[in-house]
Amino acid sequence: MSVHDFWTPFALLPFLNSLFIGISLASIFFIAALGLTIIYGAMGVINMAHGEFIMLGAYTTYVLQTFFGIPFLICLPLVFIAIALIGLAIERGLIRTLYQRPLDTLLATWGLSLILIQGIRLIFGGEPKYVGVPKWLDFQIEATFIHLSGVRLFIIIFAVAIGAITWFLMYRTTLGIRVRAVMQDKEMAASFGIDANRIYSLTFAYGAGLAGMAGTLFGALKTLFPDMGSGYIVEAFLVVVVGGVGLVGSMFSSGILGELSSIFSYFTNDTFARFILFTLIVVFLRFRPQGLITEGTTRR
Amino acid sequence: MNGNLYHNRKAQWAVYITVFALLALLPTYYDNPFTLNQFARYIVFSITAVSVSLVWGYGGILSLGQGIAFGMGAYAMGATMQMQYQDPESDPIPTFMLTNELETLPLVWEPFWSTPIGLALAIGLPTFFFLVFGWMMFQARVAGVFVAIMTLAMLAAWYSVVYDMQPFTAGFNGISPPMPFEIFGTQIDPYSATSYWICLAFLTVLTLGTKLLLHTKFGLIVQAMRDDPERARFLGYNVAYYQTVLFTLSGFIAAWAGILWVMIVQFVSPTSMEIMLSISFVIWAAVGGRTSLLGAIMGAFLINLGQSYAGDAFQAYWLIIIGIVFIAIVLFLPKGLAGLFEIILGKLSGQNSKANQGA
């Protein structure tokens, strides 16, 4: 058993391919983490059930496709609305009572995730389900070094689009100003006449809806399990925390983490890459706990 | 405080000693080997709950990565037990390594030929890791939620390593030492009262030792840091140092749990480092009462008993019940069932001292 069995030697074309896959990974990280960035950034709420919102989005897509025959593209906005409503209910019911207690929010949302996972398992059973890939996405790009499936390409495009839309909402609309005001200082914003609680509810619902749409996309990529969400939650949190809890930060960190993950996977394999990446992140956070890019926010 | 019995030190020690004495008498009533092994497992889980209670309930550090110490201790113990079975001349290499095309025993496995060294590594490695990791975190003043996320990420990272390094750790199949643990020339049957008492002995020593520590000045300082780290800093205490020591201690306790676990189940796999297991440790401590070591022990017992005897009817709903109970505890009873007990005792003794009202 030697070191060489772990390390793949460097070859240009496969390495370039892994860089491209890194873009795909980055887009997945970004979409998964976007909702969390907004929720944690605006409200300081650690939502451990975020992965389950993704899972709910995937299962909702499955239901819409299988029982109502709704085409894939139409599913996206429907899932957004559905999961946003669920998120709204959860915020009103549970999260609202825990605003000043971040650790308790973490634990309570973990309890919630247990309930959601088991609930879905009871309703749908534990066997894997599938979201059908639509015909117009059912292709593979095979250029010189690029091997990409249509779904992954769509995810990349979607990530850019949704990032742009969210950026527009946050920085070019009055609603965005209100959200950013609440993010910076809830009390001051409230004293300016902004209904902070309503902003919180809307933000949480938006973040949940984004997670739901992420689920739709990921469902087309992978099979559906009741606990598929837990595969995304740690990565999503790391993207958020490394990026500095801001929109631009998350873009950068998802890009960096996605590329690094792909590069490490090329040299070793997926699981060992995860170990290296997480260790690097932990070390990085020790030296720069505020993340990559910090906008002015209240100290959490 | 008025006369709330809950806070009476003598009463506390009496209760602790009574509980451990009752637990020690258990094998005289239940001598079914399967039951004994079952209860030994609960005792091991209680030890992990105590480690969480120490670092979270008393230190205010929510560590979701106790599984790292638990798993490291477990794997080291598994390696020790495996090598006890292997013979240096005729059969030096464990089967799973041969299946993974290893021709010689890897260097990292060599120390485990010797049981004392194996045990020392099983305790030393996790404790050392927690020392370094804790120092790294707390020196940078990482606190609260970030500690939780970092310990979680570290746990996930270690899970990946252990899962992946199949030639070294047998991957997801896990290591199954064919023989029970042997020490001082005797084999310890996992289904006997002996192994149960060994686990109970460790639980008693670790719990009472921790309780003694918490009654010292160290314990008071650590609780002060839990309540307000900034204030402690301004009072001149080196918060990072105390937090690191506490964190390392909790790793030490969890490592013993890992060692005992493999002794009684004769199996170790990546599940010992699963996220769900580490969070279960936290749930047990939270439900039982994280600010009380005995509460954490009771929490671990209650939930695991419930899980075992819930029966097929409840099994499907068990996770939902746990989730609801956990949310309820977090929302309404932050100090867990022990806290409920404290409130009840407070009400009972409060009624006897009307003079304290308005004080």
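The shown structure was predicted, so the numbers you read here are calculated from the model rather than taken from an experiment. (Residues numbered from 1 in each chain as written. Chains lettered and ligands numbered in written order. Predicted model: local features only at pLDDT ≥ 70, side-chain atom pairs only at ≥ 80, totals over all residues.)

Undergrad: What am I meant to see in the overall build of chain A here?
TA: A tally of helices and strands in chain A yields 11 helices and two strands. Reading the secondary structure of chain A in the N-to-C direction produces α-α-α-α-β-β-α-α-α-α-α-α-α. The C-alpha radius of gyration computed for chain A amounts to 19 Å, which stays within 12% of the reference 19 Å derived for 300 residues, consistent with globular compactness. Each of the three principal axes of chain A carries a C-alpha extent, and together these read 60 × 50 × 35 Å. Burial statistics for chain A: of 300 residues in total, 51% are counted as buried. Counting only contacts in chain A whose residues sit at least 6 apart along the sequence, the fraction spanning at least 24 positions is 79%. (Helix = DSSP H or I, 4+ residues; strand = E, 2+ residues; numbered from the N terminus. Rg over C-alpha atoms; globule rule 2.2 N^0.38 Å. Buried ≥ 20, exposed ≤ 12 C-beta atoms within 10 Å, placed from the backbone. Contact = placed C-beta atoms within 7 Å.)

Undergrad: Sorry, what's going on with the overall build of chain B here?
TA: Helix and strand content of chain B: 15 helices and two strands. For chain B, the C-alpha radius of gyration of 21 Å lies close to 21 Å, the compact-globule estimate for 359 residues. Dimensions along the principal axes, computed over C-alpha positions, put chain B at roughly 80 × 50 × 40 Å. By the burial criterion, 45% of the 359 residues in chain B qualify as buried.

Undergrad: Honestly, the packing of helix α12 (residues 275-288) of chain B against helix α13 (residues 293-309) of chain B in this entry has me stumped. Any pointers?
TA: Each packed pair of helices is defined by two parameters, the angle between the axes and the distance between the axes. Residue and element names in this part refer to chain B. With their axes 7 Å apart at the nearest point, α12 and α13 run at an angle of 115° to one another. With respect to each other, α12 and α13 are oriented roughly perpendicular. Crossing hand, α12 versus α13: right-handed. Counted together, Trp284, Ala285, Val287 and Gly288 of α12 and Gly295, Ala296, Ile297, Met298, Gly299, Ala300, Leu302 and Ile303 of α13 form the full contact between these two elements. (Axes fitted to C-alpha atoms, helices over the stretch in contact; angles between N-to-C directions. Parallel < 35°, antiparallel > 145°, perpendicular 65-115°, else oblique. Left-handed = near helix turned anticlockwise from the far one by under 90°.)

Undergrad: I keep staring at the packing of helix α9 (residues 230-243) of chain A against helix α10 (residues 247-267) of chain A and nothing clicks. Help me out?
TA: Residue and element names in this part refer to chain A. Between α9 and α10, whose axes approach to 8 Å, the crossing angle comes to 120°. Considered as vectors, α9 and α10 are oriented oblique to each other. Along this stretch, α9 crosses α10, giving a crossing that reads as right-handed. Contact residues: Leu238, Val239, Val240, Val242 and Gly243 in α9; Gly249, Ser250, Phe252, Ser253, Ser254 and Leu257 in α10. A breakdown of the residues in the contact of α9 with α10 according to their chemical character gives six nonpolar, five polar and no charged. (Nonpolar A, V, L, I, M, F, W, Y, C, P; charged D, E, K, R; others polar.)

Undergrad: Is there a simple way to explain helix α5 (residues 115-139) of chain B in this structure?
TA: Helical geometry note: an α-helix holds 3.6 residues per turn, so side chains three or four residues apart project in the same direction. Between the first and last C-alpha of α5(B) there are 35 Å, a value that for 25 residues agrees with the 36 Å anticipated at 1.5 Å per step. Every buried residue of α5(B) is listed here: Gly118(B), Leu121(B), Ala122(B), Ile123(B), Pro126(B), Thr127(B), Phe130(B), Phe133(B), Gly134(B), Met137(B) and Phe138(B). Buried-residue contacts for α5(B) involve α11 (270-287) of chain A together with α3 (66-85), α6 (145-164) and α11 (239-265) of chain B. With its phi angle positive at about 60°, Arg141(B) sits one or two positions after the end of α5(B). (Expected span 1.5 Å × (residues − 1).)

Undergrad: Is there a simple way to think about the interface of chain A and chain B in this case?
TA: Bring the parts together and some accessible area is lost; that lost area is often taken as the interface size. Every contact between the two is made by 35 residues of chain A and, on the other side, 36 residues of chain B. When residues of the side of chain A that touches chain B are traced back to their parent elements, those giving at least two are α4 (102-124), α9 and α11 of chain A. The dominant element in the side of chain A that touches chain B, judged by the number of residues it contributes, is α4(A), at 15 residues. Taken together, the residues that form the side of chain A that touches chain B break down as 24 nonpolar, eight polar and three charged.

Undergrad: Which parts of the structure should I look at to understand helix α8 (residues 196-221) of chain A?
TA: Along its 26 residues, α8(A) runs 37 Å from first to last C-alpha, staying within 8% of the 38 Å computed at 1.5 Å per residue. The element α8(A) is extensively covered by neighbouring structure, given that 21 of its 26 residues are classed as buried.

Undergrad: Hey, could you run me through the confidence of the model for chain A in this one?
TA: Interpretation of this model should avoid reading the predicted coordinates in detail wherever pLDDT is low. Residues and elements named next belong to chain A. For chain A, the average pLDDT comes to 84, and 93% of its residues sit at 70 or higher. When the elements of chain A are averaged for pLDDT, strand β1 (residues 140-142) gives the smallest value, 75, and helix α3 (residues 72-93) the largest, 92. Counting contacts from residues 296-300, a segment whose pLDDT is below 50, to residues more than four positions away or on other chains yields six contacts. (pLDDT = per-residue confidence, 0-100.)

Undergrad: Looking at this structure, how should I read the environment of Val160(A)?
TA: All names here are of chain A. By the secondary structure assignment, Val160 is in helix α5 (residues 150-172). Judged by the 13 C-beta atoms lying within 10 Å of it, Val160 falls in the partly exposed class. A sequence separation of 129 residues divides Val160 from Ile31, and the C-alpha atoms of the two residues are 9.2 Å apart.

Undergrad: Would you explain the environment of Ala140(B) in this entry?
TA: You can see Ala140(B) is positioned in the loop between α5 and α6. Excluding residues within four positions of it along the chain, Ala140(B) makes contact with Arg286(A) and Pro289(A).

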